[in-house]
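# Results of the structural survey
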Amino acid sequence: MSTSAIGSRRSVLGSKDRVKTAIAAALGTSVENYDFIAYGTASALYFGAVFFPESDRFVGTLLSFATLAVGFVMRPLGGAVGGYFADRFGRKPVLVTAMIVMGAATFLIGLLPTYDQVGVLAPVLLVIIRMIQGLAFGAEWGGAITMAYEHAPWHRRGMFAAIPQSGNPLGIALASGVFAWSDTFEGNWQWRTPFLLSAVLVIVALVARSRLSESPEFQEAQATGKTERNPFLATLVGDWRGILRVIALRVVESFAYYSTATYLLNYITERHPDLRPVALGAITAASILAIAVTFLAGALTDRIGRRPLYIAGCTGAALFAFPMYLLTNSAQPVLVVSVFIIGIGIIHASLTGTQGSLLTEQFHTATRTSGASLGYQIAAAIGGFAPLLAAALVGAYGWPGAALLYLGAALIGLIGILTTRETWGRQERRRVFRLVAAEEGGSPMVAERAVNGSSAGP
């Protein structure tokens, strides 16, 4: 729920660890996304030939994307388990455990034998490890976002919740950049290197997360006996509408990314192999841009509310569905780059930057991680099938089939946000800014100007 539902014993200026927590959450989220996105990139470029070589090229691509989707199917289970433990026992233990499991699974992918070496055992092992990846990734997101959100100043929760969200494109940029570099290697080192290098990133993020303090909001709920004995069940019974809203809001963002960075990458390289370095470089550049756009989108929601920006993002996605493929089909490098810049760097980033606070604010403290995680990861499971569905539709109807799939997801998101109430409206902003002004010893007039958007400094 909104900040009006939160207890009064904590400072409205947030905890003293607010910045450190947000940055550590972002570091971990970037590594988690590096690991998960590395698999998507490898699926688009290598795994069809490495693990399914007896199939024809089209079927091999479908099988490769099917194993990609398996990880997404496991994410709701990971979200349910991670959310349960985070709401029952604390956010921090879930963050550390998810990081260890995800890092180990990703490193093992880099060591896997190929189909030529062990036959059918190779894709079987790949699917098993992919399932473990999905569990860990599903458990991670909710804890990272709620930690950043609950440590943050009340009037800056959009910005602080966007910081770990900025870890998403950072991880994507790292993965894409490493794949662009490893693409110059010979043989299996092209796809093994990015997975093996993830171990270094995991260690750095794990050290940062292990030093975090627990969420003050959770500690207060625990001290006052306001936690749920079974937060998962309580969420399903009491917050099922919130879960459905999160699913609708998240589907558009998930499809927007995987239809672009995973399927479109495969679409381009299948038809124009010489454009593969251009496409990989474009994803990297778009992801770097998205780091800033994600953060700025979150900060902007603190000024104008959550809904306006999300409506704009969903509308932009709907309008971009067909131009995305028309520009790609031109095979002009500049236009191909522009597709990734717009799709990932602007549309996708504006949605992710808003999601951190918007999705979190659909739930109370006692069920916040469970509700946000479950809805988020169910939608991710649906979105994980985007490359598979897009490939199948293109095989049957040509590129308009994939464009219609993207458009459909955008319309679902648009309906979702239009039917979701504003969680950070003018009245709530006015109430919180007055509390902030009172605690800082400032003037009520300063608070009023902040609500109106003329003064919103941190």
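Basis of the calculations
Residues numbered from 1 in each chain as written. Predicted model: local features only at pLDDT ≥ 70, side-chain atom pairs only at ≥ 80, totals over all residues. Heavy atoms only, no water. Helix = DSSP H or I, 4+ residues; strand = E, 2+ residues; numbered from the N terminus. Rg over C-alpha atoms; globule rule 2.2 N^0.38 Å. Buried < 20%, exposed > 50% of the residue type's maximum accessible area, 1.4 Å probe, protein only. Contact = heavy atoms within 4.5 Å. Areas by Shrake-Rupley, 256 points an atom, 1.4 Å probe, with all protein chains shown as cover. Lys, Arg positive; Asp, Glu negative; His and termini not counted. Charge placed at Lys NZ, Arg CZ, Asp CG, Glu CD. pLDDT = per-residue confidence, 0-100. Core = buried A, V, L, I, M, F, W, Y, C linked by side-chain atoms within 4.5 Å. Salt bridge = Lys/Arg side-chain N within 4 Å of Asp/Glu carboxyl O. 1 Å grid on protein atoms, 1.4 Å probe; cavity = no way out; pocket = protein on both sides within 12 Å on 5 of 7 lines; lining within 4 Å. Points joined across faces, edges and corners; volume = space filled by probe spheres on them. Nonpolar A, V, L, I, M, F, W, Y, C, P; charged D, E, K, R; others polar. Expected span 1.5 Å × (residues − 1). Bend = angle between axes of the 7 residues up to and from the residue. Patch = residues over 30% accessible without salt bridge, like charges linked within 9 Å, V, L, I, M, F, W, Y side chains within 5 Å. Polar contact = N/O pair within 3.5 Å; in protein donor to acceptor, adjacent residues only side chain to side chain.

Attention now moves to the overall build of the chain. Each helix and strand in the chain was counted, giving 18 helices and zero strands. Relative to the 2.2 N^0.38 estimate, which gives 23 Å for 458 residues, the radius of gyration of the chain is 21 Å and therefore close to what a compact globule would have. C-alpha extents for the chain along the principal axes are approximately 70 × 40 × 40 Å. Within the chain, the proportion of its 458 residues that are buried is 59%. Considering only residue pairs separated by 6 or more positions, the chain has 87% of its internal contacts joining residues 24 or more positions apart. Of the accessible surface of the chain, which amounts to about 16500 Å², a share of 68% is contributed by carbon and sulfur atoms. Within the chain, one finds 34 positive and 26 negative side-chain charges whose respective centroids are separated by 9 Å.

Bringing the confidence of the model for the chain into the picture now. Any residue range with low pLDDT should be treated as having predicted coordinates unsuitable for detailed reading. Counting all residues, the mean pLDDT for the chain is 87, and 93% of those residues have values of 70 or more. Note that pLDDT drops below 50 for residues 1-8; the model gives that stretch 28 contacts with residues more than four away or on any other chain. In the predicted structure, residues 453-458 sits below a pLDDT of 50 and forms eight contacts with residues beyond four places in sequence or in another chain.

Okay, the nonpolar core next. The tendency in soluble globular proteins is for nonpolar side chains to be buried as a group. Membership of the largest hydrophobic core comes to 91 residues, with the highest contact counts inside it found for F47, F51, F195, Y263 and F340. Setting aside residues up to four positions removed in sequence, F340 forms contacts with T260, A261, L264, L265, I268, A279, A282, I283, A286 and G345. Counting seven residues, the second-largest nonpolar core is a separate cluster that includes A26, A148, A152 and I163.

With that out of the way, let us pick up the pattern of salt bridges. Under the defined criterion, the tally for this structure stands at 13 salt bridges. Between D87 and R91 there is a salt bridge, and its shortest N-O distance comes to 2.6 Å. Both residues of the pair, D87 and R91, count as buried. We note a salt bridge from R91 to E150, for which the minimum N-O separation is 2.8 Å. Of the two residues, R91 is situated in helix α3 (residues 91-111) and E150 in helix α5 (residues 121-151); the sequence distance between them amounts to 59 residues. Just as R91 is buried, E150 falls in that class too. The structure contains a network of salt bridges with shared partners spanning D87, R91, E150, R157, E217 and R368.

Evaluated as defined, the whole model comprises four cavities of 30 Å³ or more. By volume, the largest cavity amounts to about 150 Å³. Along the walls of the largest cavity sit 15 residues, with N33, N168, R250, E253 and Y258 positioned nearest its centre. Elements that contribute at least two residues to the lining of the largest cavity include exactly α1 (18-51), α5, α6 (157-182) and α10 (240-271). Across the lining of the largest cavity, the residue classes break down as seven nonpolar, four polar and four charged.

A few words on α10. In an α-helix, one turn spans 3.6 residues, which is why side chains three or four residues apart end up on the same side. Given a rise of 1.5 Å per residue, 32 residues ought to cover 46 Å, and the 44 Å separating the end C-alpha atoms of α10 matches this to within 8%. If you look at α10, its biggest bend is around 35°, right at Y263. In terms of burial, α10 is largely enclosed, as 26 of its 32 residues are buried.

On the surface, I100, V101, V118, V120, L121, V124, I128 and I132 cluster together into a nonpolar patch covering about 610 Å² of accessible area. Among the secondary structure elements, those contributing two or more residues to the nonpolar patch are α3 and α5. Looking at where I132 falls in the secondary structure, it is placed in helix α5.

Turning to the side chain of E217, a few remarks are in order. Looking at the secondary structure, you find E217 in helix α8 (residues 216-223). One polar contact links E217 to R157, side chain to side chain, over a distance of 3.1 Å. One polar contact links E217 to R368, side chain to side chain, over a distance of 2.7 Å.

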